[in-house]
Amino acid sequence: MSRTYAVPDLHGRYDLLNAAIEKILDHSRGDAAKMVTLGDYVDRGPDSRQVMERLVNWSSEELPLVALKGNHEAMMWECCRNLSEIDWWLKNGGEQTLSSYGHCPSNSLDISATPAAHLDWIAKLPAMSVDQHRIYVHAGVDTTLALNQQPDQTLLWKRYPEGFRKGFGSRHVVHGHDGKMDGPVLTKGRTNLDTLAWKTGRLIIGVFDDEIPGGAIEILEIKS
């Protein structure tokens, strides 16, 4: 059996990341497994730098990592490269991220001390991962476009209409981004795992059998 464990928006919750890794390793019990993180590692929570360092330096033969880009990484990268106004990022949780890197937000904010290795890692992150039965993505996909034509604006920022149940053709879509405190949202065509874990302390991990189409075969829950 080969399994994929999908971990949604961590937003600076290093404690939940560590707990998730431990839970996945225990649950997989030596079976072939990989972990897909669905983006939004930074902002809002207290320990963005620690989350980033764990993922940037990931090395595990037992649990390979597929890290996807979220809209918050995109914001961080753009602002630290002076491609967007920093206030945009600060208003969306960037202050907490900069604080974790040892910055004190002010009018003369120096963002140059943010590690280049972290920004380079963000730049190389894929926006989605596709296998035989599923599409893993931060926010969503446009069902009217081919997978190789999906714009980043959709992959990183899309919000599905309430009650939308479709996937993408025969593939099930697994995503985060659209936080639901009473989630996860499980439908025939898509799974939304984001439960605002940075605020609720409740992280949901979707367990998917790589040989079986459709939704999760199991849901793991972590509470802090």
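The structure this text deals with has already been given above.
Residues numbered from 1 in each chain as written. Predicted model: local features only at pLDDT ≥ 70, side-chain atom pairs only at ≥ 80, totals over all residues. Heavy atoms only, no water.

### A closer look at the pattern of salt bridges
- If you walk through the whole model with that rule in mind, you get ten salt bridges.
- The residue Asp31 makes a salt bridge to Arg3 at a minimum N-O spacing of 3.5 Å. Here Asp31 is found in the loop between α1 (14–28) and β2 (32–37), whereas its partner Arg3 is found in strand β1 (residues 2–7), with 28 residues between them in sequence.
- When its relative accessible area of 34% is taken as the criterion, Asp31 is described as partly exposed.
- Between Arg202 and Glu221 there is a salt bridge; the shortest N-O distance is 3.0 Å. Within this pair, whereas Arg202 is found in strand β9 (residues 202–209), its partner Glu221 is found in strand β10 (residues 218–223), the two being separated by 19 residues in sequence. (Salt bridge = Lys/Arg side-chain N within 4 Å of Asp/Glu carboxyl O. Helix = DSSP H or I, 4+ residues; strand = E, 2+ residues; numbered from the N terminus. Buried < 20%, exposed > 50% of the residue type's maximum accessible area, 1.4 Å probe, protein only.)

### What to know about the nonpolar core
- Counting residues in each nonpolar core, the largest one holds 37 residues, and the members touching the most others are Leu10, Tyr41, Met76, Trp121, Leu203 and Ile205.
- At five residues, α1 tops the list of elements feeding residues into this core.
- Every residue in contact with Ile205, bar those within four places of it in the chain, is listed here: Tyr5, Ala6, Val7, Ala20, Ile24, Glu218, Ile219, Leu220 and Ile222.
- Among the nonpolar cores identified, the runner-up in size contains eleven residues, and Ala74, Val141, Leu156 and Phe168 belong to it. (Core = buried A, V, L, I, M, F, W, Y, C linked by side-chain atoms within 4.5 Å. Contact = heavy atoms within 4.5 Å.)

### Digging into the side chain of His103
- As for its position among the elements, His103 is in the loop between α4 (86–100) and α5 (116–124).
- The class of His103 is buried, set by a relative accessible area of 9%.

### Regarding the packing of helix α2 (residues 48–56) against α5
- Remark: α2 packs on α5, axes separated minimally by 11 Å, with the N-to-C direction vectors making an angle of 65°. Classed by the angle they form, the pair α2 and α5 counts as roughly perpendicular. Considering how the two elements wind past one another, α2 and α5 form a crossing that is left-handed. Judged by residue contacts, Arg49, Met52, Glu53, Leu55 and Val56 of α2 engage His118, Trp121 and Ile122 from α5.
- Taken together, the residues of the contact of α2 with α5 break down into five nonpolar, one polar and two charged. (Axes fitted to C-alpha atoms, helices over the stretch in contact; angles between N-to-C directions. Parallel < 35°, antiparallel > 145°, perpendicular 65-115°, else oblique. Left-handed = near helix turned anticlockwise from the far one by under 90°. Nonpolar A, V, L, I, M, F, W, Y, C, P; charged D, E, K, R; others polar.)

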